[in-house]
Amino acid sequence: MDDGGPRLPAWVAALIGVISGAVALGVAQLVAGLTNPDASPVIAVGGSMVDRTPAALKEWAIRTFGSNDKLVLISGIVVVLALIAAGLGVLSRRRVGYGMTGLLVFGLIGAAAAMTRPDAGSLDILPSLVGVGAGAWALSLLIRRAEVHPWEPLEDAAAQGTSAWTDDPDAPPGQPARTSGETISVETPPVMRAGDDLYAFDRRRLLTGAVVGLGVAGVTGLGGKLLASSNNVDAARKTLAKTLPRPTIPARPIPAGADLRIKGLSPFVTPNSDFYRVDTALVIPGVDPASWTLKIHGLVDKPIELTFADLLKRPLMEADVTLTCVSNDVGGPYVGNARWLGARLADLLREAGIKPGADMLLSTSKDGFTAGTPVDVVMDGRDALLAIAMNGEVLPTAHGFPVRQVVPGLYGYVSATKWITDLKVTRFDQDEAYWTPRGWSPKGPIKTESRIDVPKDGDDIPAGRTTIAGVAWAQHKGIAAVEVQVDGGEWREATLAQVPGPDTWRQWSIVADLAKGKHVITVRATDVTGYTQTLQYAPPAPDGATGYHSIGVKAG
Ligand SMILES: Nc1nc2c(c(=O)[nH]1)N[C@H]1C(S)=C(S)[C@@H](COP(=O)(O)O)O[C@H]1N2
Ligand SMILES: [Mo]
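Being a predicted model, the structure only gives us computed values, none of them experimental. (Residues numbered from 1 in each chain as written. Chains lettered and ligands numbered in written order. Predicted model: local features only at pLDDT ≥ 70, side-chain atom pairs only at ≥ 80, totals over all residues. Heavy atoms only, no water.)

As a matter of local geometry, ligand 1 sits amid 18 residues, with Tyr276, Thr280, His399, Arg404 and Lys418 nearest to it. Here Thr280 contributes a backbone N or O atom positioned 2.9 Å from an oxygen atom of ligand 1. For ligand 1, an oxygen atom lies 2.7 Å from a polar atom in the side chain of Arg404. The protein chains hide 99% of the 530 Å² of surface that ligand 1 would expose on its own. Taken atom by atom, the bulk of ligand 1 overlaps the second largest pocket. Its residues assigned to classes, the shell around ligand 1 comprises 8 nonpolar, 5 polar and 5 charged. (Near = heavy atom within 4 Å. Polar contact = N/O pair within 3.5 Å; in protein donor to acceptor, adjacent residues only side chain to side chain. Areas by Shrake-Rupley, 256 points an atom, 1.4 Å probe, with all protein chains shown as cover. 1 Å grid on protein atoms, 1.4 Å probe; cavity = no way out; pocket = protein on both sides within 12 Å on 5 of 7 lines; lining within 4 Å. Sits in = over half its atoms within 2 Å of the grid points. Nonpolar A, V, L, I, M, F, W, Y, C, P; charged D, E, K, R; others polar.)

See below:
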C-alpha cells in the first residue's frame, strides 16, 4: 500500500535494494568469518548447488571453465542475488515490508543451506540470520533517508529555513524554484514528471546513505574474508613444515632419465603450484591438525581413532604416484604426478582387523565428500597412503591438508579423499559414495591413456624434423609402449623415458619429418598387461574417457 507520498524512482529503489543486499552479505560474511567460513550464505547455497548439480552439468562446467568453475558459480550467484535485491528494493517502494519479507525469505534459504551442509554446526544458522537482519535494517533506513514527503521539510532546506518542496512540477531539476514565495538552494531535490506519478528523492541523503551502506558492506565483507583466512591452519602448516618427519621408507630416487626435458612437455614431477585441483569445495576446508582425528570403524574387529601426532609416529613411506581425474577428457589436463609421503593404509586397516565380507572403504572428508575404494585394491600391496606431504612440502590446503588418501591406479573420485576425517569399512551393496547417485560408476580403475603435449593442437611449426612428445599413463600396470601416427600412416614406436615404478605416468618422444602443409598427429599407448588403449571414444562419464588423442598442426 502506498503511504500517499511520492514514490522513489525505480532505479533509486533498486540501488537501495542492491546496497541493502550487499550489507546483508557483508555482515553475513563477517559472522561467518567469526564462526565458520563455510556457513557464509553464498558459500552454503553454492555448496548445495554443487551437490545437486547433475553430473552432465558438472562435466560441462569443468570442461568450459576448468579450475575457474567455482569462481564462475560464485559470480553467477552474486549476480542473481544482486538482481533479486534490486527487485526487492523496487517492491519496497510500495511498502518496506515487502522488501523485508523478501530478504527474510533469502535469509532462510541461506540458513537452510548452511544448516544442511554435511559439516554443519548449530552456529551455522547465524551468518544468514544476522546478515538478513542487517540488510533489513539498511533497507528501511535507506528508504526512509531517500524518500521525500511534501509535508516534510528537507534536512538541508530546513537548516536553511526553506521548504524543499515545490508546487511547480515543471521547475527544472536542481534549479531554484519558487515555493510559497521562497527560494531554495541548489540542494533542491530533482522533481520530475513521469506519467502521472510524481517521483522525488533526496539526492544528498541517498548518496550519503549509499556510501555508508557500501562502506559497511565492504568492511564487513573484507573483515570476514580476512578472519576466514587468518585461521590457525596456515600457522599449523608452517610449524609442521619445520618438523616434517623423514620417511622411514624413502622412495627410490627418480631415475635421471625420467624427464626428457623437452620444452612444452609436462615435467615428470608436477610442481604443487601447477597441480590440477578438482573437488566440490567452494571454500577450502580448514582442518587444524591439532584437533584432527581419523576414525576407522565399521566392519572391523577393533575401531581405531588416530590423532595427527599418532599418524606422524607411524612409519612413513614415500611413493611416486600420478593422480588422474575421471573428468579428464582425452587430451585433457586433469592428471599430475607427485611424490607423496604418508602412512600405509593397509597397515592401519590390518590393525583394525577387516571383517569378512567387507569390500568397500568409505572415506569421508571434513566437508562431507565421500569416496568408495575397493578394499582388495588397498590391501594388495600397492602404495595406498594416508598422505601428509606432497613433493617434499606439507600437503597444500587445496590438496587436502592435513591428510588425504592416495591410491595408485584409481581415479581420484573413488580414492583420493582430501581433508579426510573418517574411514568406514563397509560394503558396496550397503553404502554409496558421493558421485555414485550422481551417475558415476561406483568403481573407477584408471584407464590406459596417452596425451600429446608438444606440439600443441593448432600450432604452426617449421616444416622438417619435429619432436613430438607427451605423457602416457596406466597406473599400477605401467606403460610398455607408445606409438605415434602421422596423417593416418604407419604407427611408429616412440622412445620411452624411464620411470621409478608402475604408478606414474611415463614421458615419451619421437621425431617426425613433416612436409609443408597440415598434419594430424595421433598417439596410443600399450600397458604392461599388453592392452592397447581403445580407439573407441567414450566421454568421461560414467567411468573415464577413452579414445586416441589427436592434434592438428600446420608445418610451413
Ligand atoms: N574432500 C574431497 N576430496 C576429493 C574430492 C572432493 O571433491 N572432495 N575430489 C576428488 C577428485 S574427483 C579428484 S580427481 C582428486 C583431485 O585431487 P587434487 O585436487 O589434489 O588434484 O581429489 C579427490 N578428492
Ligand atoms: Mo576427479
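Attention now goes to unusual backbone geometry. In this model, Val454 is joined to Pro455 through a cis peptide bond whose omega is -10°. Checked against the element boundaries, Pro455 lands in the loop between β15 (449–454) and β16 (460–461). One non-glycine residue, Arg261, lies in the positive phi region at around 50°. Looking at the secondary structure, you find Arg261 in the loop between α9 (232–242) and β5 (293–298). (Helix = DSSP H or I, 4+ residues; strand = E, 2+ residues; numbered from the N terminus.)

Moving on: the UniProt feature "transmembrane region" (unreviewed entry) in the chain. Using the residue numbers shown here, the UniProt feature "transmembrane region" (unreviewed entry) corresponds to residues 12–32, 71–91, 96–113, 125–143 and 206–228. Across residues 12–32, the secondary structure splits into 100% helix and 0% strand, with the terminal C-alpha atoms separated by 30 Å. (UniProt positions renumbered as here; feature names shortened; annotations may be inferred.)

So, on to the packing of helix α4 (residues 69–91) against helix α5 (residues 96–115). For any two helices packed against each other, one specifies the crossing angle of their axes together with the interaxial distance. Between α4 and α5, the shortest axis-to-axis distance is 7 Å and the interhelical angle comes to 155°. The pairing of α4 with α5 is recorded here as roughly antiparallel in orientation. With respect to the hand of their crossing, α4 and α5 are arranged in right-handed fashion. Across the interface between the two elements, Leu81, Ile84, Leu88 and Leu91 of α4 pack against Tyr98, Gly99, Gly102, Leu103 and Phe106 of α5. Residue composition of the contact of α4 with α5, by class: 7 nonpolar, 2 polar and no charged. (Axes fitted to C-alpha atoms, helices over the stretch in contact; angles between N-to-C directions. Parallel < 35°, antiparallel > 145°, perpendicular 65-115°, else oblique. Left-handed = near helix turned anticlockwise from the far one by under 90°. Contact = heavy atoms within 4.5 Å.)

Within a sheet, neighbouring strands are paired by backbone hydrogen bonds and run either parallel or antiparallel to one another. With respect to topology, 5 strands assemble into an open sheet ordered β6-β5-β14-β9-β10, the strand pairing being mixed. Each end of this open sheet is capped by a strand with a single partner; those strands are β6 (304–307) and β10 (370–374). Geometrically, the sheet is characterised by an average inter-axis angle of 15° between neighbouring strands, direction not taken into account. Bridge count between strand β9 (residues 360–365) and strand β14 (residues 420–426): 6 bridges; the pairing is antiparallel. The partner of Ser365 across the bridge, within β14, is Ile420. Of the strands in this sheet, β5, β6, β9 and β14 are in contact with helix α11 (residues 345–352), which crosses β6 at around 140°. (Pairing = 2+ DSSP bridges.)

What follows deals with empty space enclosed by the protein. All chains considered together, the criterion is met by 6 cavities of 30 Å³ or more. Roughly 120 Å³ of volume is contained in the largest cavity. Residue composition of the lining of the largest cavity, grouped by class: 5 nonpolar, 2 polar and 4 charged. Empty space within the second largest cavity amounts to approximately 60 Å³. (Points joined across faces, edges and corners; volume = space filled by probe spheres on them.)

Strand order in the open sheet formed by 4 strands is β15-β17-β21-β20, with antiparallel pairing between adjacent strands. The outermost strands of the open sheet, each flanked by one partner alone, are β15 and β20 (495–496). Across 5 bridges, β15 lies against strand β17 (residues 464–473) in antiparallel orientation. When the sheet's bridge partners are listed, Ser450 is paired in β17 with Ala472.

A regular strand places its side chains so that they alternate between the two faces of the sheet. When you tally the buried positions in β14, you get 5 out of 7 residues, the bulk of the element. By the bridge criterion, 4 bridges tie β5 to β14 in an arrangement that is parallel. What sits directly across from His297, in β14, is Lys424. (Buried < 20%, exposed > 50% of the residue type's maximum accessible area, 1.4 Å probe, protein only.)

Our next topic: the layout of surface pockets. Considering only enclosed or pocket space, the second largest pocket measures out at about 700 Å³ in volume. Residue lining of the second largest pocket: 35 residues in total, with Val50, Lys58, Asp69, Asp279 and Thr280 positioned closest to the centre. The set of elements that each furnish at least two residues to the lining of the second largest pocket consists of α2 (41–52), α3 (55–65) and α4. Among the elements that take part in the lining of the second largest pocket, α3 stands out by supplying 6 residues, more than any other. Split by residue class, the lining of the second largest pocket holds 21 nonpolar, 6 polar and 8 charged. Here the lining of the second largest pocket spans two domains, and each of domain 1 (10–149 + 202–228) and domain 2 (242–438) adds at least three residues to it. (Domains from an automatic or database assignment.)

Three or more residues of α11 are buried, namely Leu345, Ala346, Leu348, Leu349 and Ala352. Burial along α11 is one-sided: seen end-on, the buried residues are contained in an arc of 160°. Following α11 by one or two positions, Gly353 adopts a phi angle in the positive range, close to 80°. (Arc of directions from axis to C-beta.)

This part takes up the nonpolar core. For soluble globular proteins, nonpolar side chains are generally found buried alongside one another. The biggest cluster of nonpolar side chains holds 77 residues, and the ones touching the most others in it are Leu311 and Trp340. Top contributing element to this core by residue count: strand β11 (residues 385–390), with 6 residues. Grouped together as the second largest cluster of nonpolar side chains are 19 residues, Ala474, Leu514, Ile521 and Ile551 included. (Core = buried A, V, L, I, M, F, W, Y, C linked by side-chain atoms within 4.5 Å.)

Before going further, it helps to examine the side chain of Glu318. Secondary-structure assignment places Glu318 in strand β7 (residues 316–324). Judged by relative accessible area, which is 18%, Glu318 ranks as buried. Among the polar contacts made by the side chain of Glu318, one reaches the main-chain amide nitrogen of Ala251 at a distance of 2.8 Å. In this structure, Glu318 is in contact with Pro247, Ile249, Pro250, Ala251, Arg339, Trp340 and Leu341, ignoring residues within four places of it in sequence.

Our focus in this paragraph is the pattern of salt bridges. Per the counting criterion, the structure on display carries 17 salt bridges. Where Asp51 meets Arg117, a salt bridge forms, and the shortest distance between an N and an O atom there is 3.0 Å. With Asp51 in helix α2 and Arg117 in the loop between α5 and α6 (126–146), the pair connects residues that are 66 residues apart, well separated along the chain. For the pair Asp51 and Arg117, one class covers both residues: buried. (Salt bridge = Lys/Arg side-chain N within 4 Å of Asp/Glu carboxyl O.)

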